[in-house]
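Now for the letters of each chain:
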Amino acid sequence: MSNPAQLSTHVAMDAVKGNLTLDGPHGPRPKPFFTPKRIVLYSILFVACLYYLFPLYVMVVTSFKTMPEIRFGNIFAPPVEFTGEAWVKAWSEACTGLTCNGLSPGFWNSVKILIPSVIVSTAVAAVNGYALVNWKFKGSEIFFAILIFGSFIPYQVMIYPLVMITRELNIFATIWAVILVHTIFGMPILTLLFRNYFASIPPELFKAARVDGAGFWRIFFEVMLPMSLPIIVVALILQVTGIWNDFLFGVVFAGTQNYPMTVQLNNIVNSAQGSPEYNVNMAATMLTGLVPLVVYFVSGRLFVRGVAAGAVKG
């Protein structure tokens, strides 16, 4: 029996004579990381990030500065004297018109508007989308077309008719008027999302439930709804951000005692009393935008899943 040294010698001799083929790595050669295409792509992404993050950076650092430092310092420099007084004043002391209670009343008004509007519009849209896919009725396609058409009507066109309707219902200049308007305008686009999502679910699940004797609501709650978490998150994010950031409906329908946070932010920034307090304005802006930011950070991944799972298909 040959020892390993003799075997290696024979292998080397055969390789030199061409009698042995040595196996090497197969497939395409790995590409370098810094290709021209990647450099261009990452450069564009970097510029886009700067475009959006730079104003946010200025807002944050300005909100923690004192007014003398803002007047005589560099707007891009971090605060020399770090202070949170502007945040406290924006929340509880800034003047939003004739009152100086800060943004806190507007925050709670926005919460009172947000919760019922989101719940009612999402629930009704989910039932509408489910019915339009699995329980088609005569004229269902016309009904769906009307809903889609309604989602593209500019809000400004409908303001005066809605003012008359809410006045006749005796809810004008109340929080209930804003809730009603947000619910009405949120349903068309949410119905489209739910309808397309339910259309992507295999129909065999619905047929099997029907064979087992399940009715309209049982199939909805026990079969469809448990599989609808991604699209529900999409609907919640769209409604939360849209309602929380709304200014038009709040200033028209809420009344002076029920202004949401965005309207009170506008009153703080455009206040004519004394010189502008830029640190308070920036802090108030950050406070107003915290809720949508938190919603996106917490549920952003589910939002992408919902869109990818059929929310914009069909």
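Structure: see above.
Parameters and conventions
- Residues numbered from 1 in each chain as written.
- Predicted model: local features only at pLDDT ≥ 70, side-chain atom pairs only at ≥ 80, totals over all residues.
- Heavy atoms only, no water.
- Helix = DSSP H or I, 4+ residues; strand = E, 2+ residues; numbered from the N terminus.
- Buried < 20%, exposed > 50% of the residue type's maximum accessible area, 1.4 Å probe, protein only.
- Contact = heavy atoms within 4.5 Å.
- Salt bridge = Lys/Arg side-chain N within 4 Å of Asp/Glu carboxyl O.
- Core = buried A, V, L, I, M, F, W, Y, C linked by side-chain atoms within 4.5 Å.
- 1 Å grid on protein atoms, 1.4 Å probe; cavity = no way out; pocket = protein on both sides within 12 Å on 5 of 7 lines; lining within 4 Å.
- Points joined across faces, edges and corners; volume = space filled by probe spheres on them.
- Axes fitted to C-alpha atoms, helices over the stretch in contact; angles between N-to-C directions.
- Parallel < 35°, antiparallel > 145°, perpendicular 65-115°, else oblique.
- Left-handed = near helix turned anticlockwise from the far one by under 90°.
- Nonpolar A, V, L, I, M, F, W, Y, C, P; charged D, E, K, R; others polar.
- Arc of directions from axis to C-beta.
- Expected span 1.5 Å × (residues − 1).
- Bend = angle between axes of the 7 residues up to and from the residue.

Our next topic: the overall build of the protein. Each helix and strand in the protein was counted, giving 14 helices and zero strands. Counting from the amino terminus, the protein carries its helices and strands in the arrangement α-α-α-α-α-α-α-α-α-α-α-α-α-α. Taking all 314 residues of the protein together, 36% fall into the buried category. The contacts of the protein with a sequence gap of at least 6 include a subset with a gap of at least 24, amounting to 71%.

Moving on, we come to the pattern of salt bridges. Under the counting rule described, the total for this entry stands at three salt bridges. Two residues, Glu 277 and Lys 89, come together in a salt bridge whose shortest N-O distance is 2.8 Å. Residue Glu 277 is found in the loop between helix H13 (261-269) and helix H14 (278-311), and its partner Lys 89 is found in helix H4 (residues 85-92); the two are separated by 188 residues along the sequence. In this structure, Arg 167 engages Glu 168 in a salt bridge whose closest nitrogen and oxygen atoms are separated by 3.6 Å. Under the relative-accessibility criterion, Arg 167 is labelled partly exposed at 48%. Residue Glu 168 is classed as exposed on the basis of its relative accessible area of 59%.

Soluble, globular proteins show a tendency: their nonpolar side chains are buried together. If you look at the biggest cluster of nonpolar residues, it comprises 38 residues, and the most contacted ones within it are Leu 103 and Phe 253. Listing elements by their share of this core, those giving two or more residues are H4, helix H5 (104-134), helix H8 (175-199), helix H11 (229-244), helix H12 (248-253), H13 and H14. Not counting residues up to four positions away in its chain, the partners in contact with Leu 103 are Ala 90, Trp 91, Met 261, Gln 264, Leu 265, Ile 268, Ala 284, Leu 287 and Thr 288. Among the nonpolar cores identified, the runner-up in size contains 19 residues, and Leu 190, Phe 194, Phe 220 and Val 234 belong to it.

With that settled, the discussion passes to empty space enclosed by the protein. With the rule as written, the count across this model stands at one cavity of 30 Å³ or more. One number sums up the size of the largest cavity: a volume of about 40 Å³. Looking at the largest cavity, the residues that line it are Ser 110, Ile 113, Val 178, His 182, Ile 243, Trp 244, Asp 246 and Pro 260. Among the secondary structure elements, those contributing two or more residues to the lining of the largest cavity are H5, H8 and H11.

Among the structural elements, Gln 156 can be located in helix H7 (residues 155-168). A sequence separation of 93 residues divides Gln 156 from Phe 249, and the C-alpha atoms of the two residues are 9.6 Å apart.

Our next topic: the packing of H7 against H8. Between H7 and H8, whose axes approach to 11 Å, the crossing angle comes to 135°. Between H7 and H8, the angle is such that the two are oblique. The two elements H7 and H8 meet at a crossing, and its hand is right-handed. Only Ala 177, Leu 180, Val 181 and Phe 185 of H8 make contact with H7, whose side of the interface consists of Tyr 155, Met 158, Leu 162 and Thr 166.

Where helix H6 (residues 140-151) meets H8, the axes come as close as 7 Å, and the angle between the chain directions of the two elements is 130°. By the angle between their directions, the pair H6 and H8 is classed as oblique. The hand of the H6/H8 crossing is left-handed. Contact residues: H6 offers Glu 141, Phe 144, Leu 147, Ile 148, Gly 150 and Ser 151, while H8 offers Pro 188, Ile 189, Thr 191, Leu 192 and Arg 195. Taken together, the residues that form the contact of H6 with H8 break down as six nonpolar, three polar and two charged.

This paragraph deals with helix H10 (residues 216-224). Within H10, the full set of buried residues consists of Ile 219, Phe 220 and Met 224. All buried residues of H10 project into a common sector of 100° when viewed along the axis, lining one side. On its buried side, H10 packs onto H5, H8 and helix H9 (203-211).

With that settled, consider H7. Given a rise of 1.5 Å per residue, 14 residues ought to cover 20 Å, and the 20 Å separating the end C-alpha atoms of H7 matches this to within 8%. Remark: the principal bend of H7, roughly 35°, maps to Pro 161. Every buried residue belonging to H7 is among Ile 159, Leu 162 and Thr 166, and all of these are buried. Buried-residue contacts for H7 involve H8 and H12. Remark: Asn 170 follows H7 within two positions and exhibits a positive phi of approximately 60°.

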